[in-house]
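Listed below are the residues making up each chain.
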Amino acid sequence: MEYRLGLIYGDGIGPEIVREARKVLDKVCEKFNHTFHYEELLLGGASIDVHGVPLTEETIEKAKASDAVLMGSIGGDAATSPWYQLEPSKRPEAGLLGIRKALNLFANLRPAYLYQELKDACPLREDIIGDGFDLMIMRELTGGLYFGERKTIEENGVRKAIDTLTYDENEIRRIARRAFDIAGKRRKKVTSVDKANVLDSSRLWRKVVEEVAAEYPDIELEHMLVDNCAMQLVRDPAQFDVILTENMFGDILSDEASMVTGSIGMLSSASLNDTKFGLYEPSHGSAPDIAGQNKANPIATILSAAMMLRYSLDLDKEADAVEAAVQKVLTEGYRTVDIMSEGCKLVGTKEMGDLIAEAV
Ligand code: NAD
């Protein structure tokens, strides 16, 4: 098959890690007989350097014309980079918010998977980790408290701030369907997280999720209150498959879930809209402190590319092959510096990419 893929190399370590992911994708093409047509898109600091702004119409149009976009991270060191002398709306991060909005990316997916080989980095006790965990957080990204009406007023000399949490049933339904679809490709369980004992928005959330669940009879649905979920993530993370939740709860829970894996260089992510299109990127930033030194771990980006194969291109076998290749290279003891431990073999960014491509 033929696909059109956008590549955003980005800033800092971005170009190094995207190059390695591309190497792995090329290997997938060779092995499975596909053709990927790559189109380079500028975003963030790299776009400021060329166009003076972090996002252009050209980038948006090229992204829309792609089946999916793979991105390294964007941004620089705020203390030293000239990008941060610009007004906030012209800085690199504004480009990222802008492209998410322009492409209507309302569903954010963040997996938290514990590799047995890296379990020393996991801050949880051995008896809690057990055989490891493999969960996916599906966070609503364009509604809720962060996008509601807000204001700060003064009443009788007392300052008062108001934020509004709004969801309509369509916003809930579209993300719930996405979560059930993804659970269908996994272990077939959705945990919908809310605060239905207090919030009206959560009570509507629960009702609509139940309506959607009726369309997916082979997928198990459970509801969990957000405070309980925060506890369960550190008490027994293996109980979860897909966690479906609204914007603010997802913001907090996805950071908690990623920290329990302990390895920032390993964590992938995706942002999806209501077509097959997605923007795939590592969860970490552009690590300007190690940029250009062949030290960055490319695995988060390579695993993001695997998510792209699975969720935007429906190439499950190919995604499995990439994930198995990462697993194989870790089992053989190869490590970049961020995940290095005693007795393992230290490799650079490029060597790690070569090893994974070879293992595909
Ligand atoms: P960061 O994630 O870039 O770095 C935090 C620490 O983790 C650093 O010590 C870094 O060296 C290390 N690290 C990160 N990724 C690594 C990898 N793949 N391999 C090895 N080590 C890795 O976070 P930060 O320093 O707070 O932010 C740096 C820049 O990245 C800022 O400009 C920030 O705005 C931007 N940022 C971008 C995104 C994004 O593009 N989505 C996300 C977060 C931060």
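Quick note: structure is the one above.
Keep in mind it's a predicted model, so treat the numbers as computed, not measured.

A. Up close: the overall build of the protein chain. Looking only at helices and strands, the protein chain features twelve helices and 14 strands. For the protein chain, the C-alpha radius of gyration of 21 Å lies close to 21 Å, the compact-globule estimate for 360 residues. In terms of principal-axis extent, the alpha carbons of the protein chain reach across some 60 × 50 × 40 Å. Within the protein chain, the fraction of its 360 residues that count as buried is 52%. Taking the intrachain contacts of the protein chain between residues at least 6 apart in sequence as the baseline, contacts between residues at least 24 apart amount to 74%. A total accessible area of about 16,000 Å² is found for the protein chain, and carbon and sulfur atoms account for 51% of it.

B. Fine view of the pairing of strand 4 (residues 107–113). Counting buried positions over the seven residues of strand 4 gives six, a clear majority of the element. In this structure, strand 4 lies alongside strand 5 (residues 134–140), joined through seven bridges in antiparallel fashion. Of the residues in strand 5, the one forming a bridge with N108 is R139. As paired elements, strand 4 and strand 11 (residues 268–272) share three bridges and run antiparallel to each other. Residue pairing for strand 11: N108 is matched across the bridge by S271.

C. Expanded view of the site of the ligand. By nearness alone, 20 residues border the ligand, and G76, E93, G285, A287 and N297 come closest of all. E93 is positioned with one of its side-chain polar atoms (N or O) 2.5 Å from an oxygen atom of the ligand. At 2.7 Å from an oxygen atom of the ligand is found a main-chain nitrogen or oxygen belonging to G285. Expressed as a share of its isolated accessible area of 820 Å², the protein-covered part of the ligand is 68%. Here the shell around the ligand is built from residues that sort into nine nonpolar, seven polar and four charged.

D. The sheet that holds strand 9 (residues 220–225), seen in detail. The ten strands are arranged 2-1-3-12-11-4-5-10-8-9 in an open sheet whose pairing can be described as mixed. Edge positions in the sheet fall to strand 2 (35–40) and strand 9, since each of these pairs with one other strand and no more. Neighbour to neighbour, the strand axes of the sheet diverge by 25° on average, direction disregarded. Packed on one face of the sheet, helix 9 (residues 247–261) meets strand 4, strand 5, strand 8 (189–194) and strand 10 (242–245) and runs near 155° to strand 5.

E. The pattern of salt bridges, seen in detail. By the definition in use, this model includes 31 salt bridges. The partner of E87 in a salt bridge is K90, with the nearest N and O atoms 3.9 Å apart. Residue classification places E87 among the partly exposed residues on the basis of a relative accessible area of 46%. A residue is classified by how much of its surface remains accessible, and K90, at 32% relative accessible area, is partly exposed. As a salt-bridge pair, D200 and R203 come within 2.8 Å of each other at their nearest N and O atoms. Of this pair, D200 and R203 both sit in helix 7 (residues 200–213), three residues apart, which is roughly one turn of that helix. Look at D200 and you get exposed, because its relative accessible area is 58%. One continuous salt-bridge network, built from bridges that share partners, spans E20, K23, K350 and D354.

F. Expanded view of the environment of G12. Tracing the sequence through the fold places G12 in the loop between strand 1 (2–8) and helix 1 (14–32). Sequence separation of G12 and A287 is 275 residues, and the distance between their C-alpha atoms is 6.0 Å. Ignoring sequence-local partners within four residues, the contact set of G12 consists of G75, S286 and A291.

G. Structural detail: the environment of K31. Residue position: K31 is located in helix 1. Here K31 falls in the exposed class, since its relative accessible area comes to 51%. Between the alpha carbons of K31 and E318 there is a distance of 8.9 Å; along the sequence they are 287 residues apart.

H. Summary view of a nonpolar patch on the surface. Taken together, the side chains of V337, M340 and L346 make up a nonpolar region of the molecular surface, amounting to roughly 270 Å² of accessible area. Mapped onto the secondary structure, V337 falls in the loop between strand 13 (334–335) and strand 14 (345–346).

I. Seen up close, helix 12 (residues 349–359). Taken as a whole, helix 12 has its buried residues at T349, M352, G353, I356 and A357. In an axial view of helix 12, the angular spread of the buried residues amounts to 130°, which keeps them on one side of the axis. Check the buried side of helix 12 and you find it contacts helix 1, helix 10 (299–311), helix 11 (316–331) and strand 13.

J. View of the pairing of strand 10. Residues V242 and L244 line one face of strand 10 and the alternating positions I243 and T245 line the opposite face, and both faces are buried. Pairing of strand 5 with strand 10 involves four bridges; the strand directions are parallel. When the sheet's bridge partners are listed, M138 is paired in strand 10 with L244. One ladder, built from four bridges, connects strand 8 with strand 10; its direction is parallel. Residue pairing for strand 10: V190 is matched across the bridge by V242.

K. Geometry of helix 11. Here helix 11 spans 22 Å end to end across 16 residues, near enough to the 22 Å set by a 1.5 Å rise per residue. Turning to helix 11, its buried residues are E318, A319, A321, V322, A325, V326, V329 and L330. Packing partners of the buried residues in helix 11 comprise helix 1, helix 10, strand 13 and helix 12. Positive backbone phi, approximately 95°, marks G333, located one or two places after helix 11.

The rules behind these values
Residues numbered from 1 in each chain as written. Predicted model: local features only at pLDDT ≥ 70, side-chain atom pairs only at ≥ 80, totals over all residues. Heavy atoms only, no water. Helix = DSSP H or I, 4+ residues; strand = E, 2+ residues; numbered from the N terminus. Rg over C-alpha atoms; globule rule 2.2 N^0.38 Å. Buried < 20%, exposed > 50% of the residue type's maximum accessible area, 1.4 Å probe, protein only. Contact = heavy atoms within 4.5 Å. Areas by Shrake-Rupley, 256 points an atom, 1.4 Å probe, with all protein chains shown as cover. Pairing = 2+ DSSP bridges. Near = heavy atom within 4 Å. Polar contact = N/O pair within 3.5 Å; in protein donor to acceptor, adjacent residues only side chain to side chain. Nonpolar A, V, L, I, M, F, W, Y, C, P; charged D, E, K, R; others polar. Axes fitted to C-alpha atoms, helices over the stretch in contact; angles between N-to-C directions. Salt bridge = Lys/Arg side-chain N within 4 Å of Asp/Glu carboxyl O. Patch = residues over 30% accessible without salt bridge, like charges linked within 9 Å, V, L, I, M, F, W, Y side chains within 5 Å. Arc of directions from axis to C-beta. Expected span 1.5 Å × (residues − 1).

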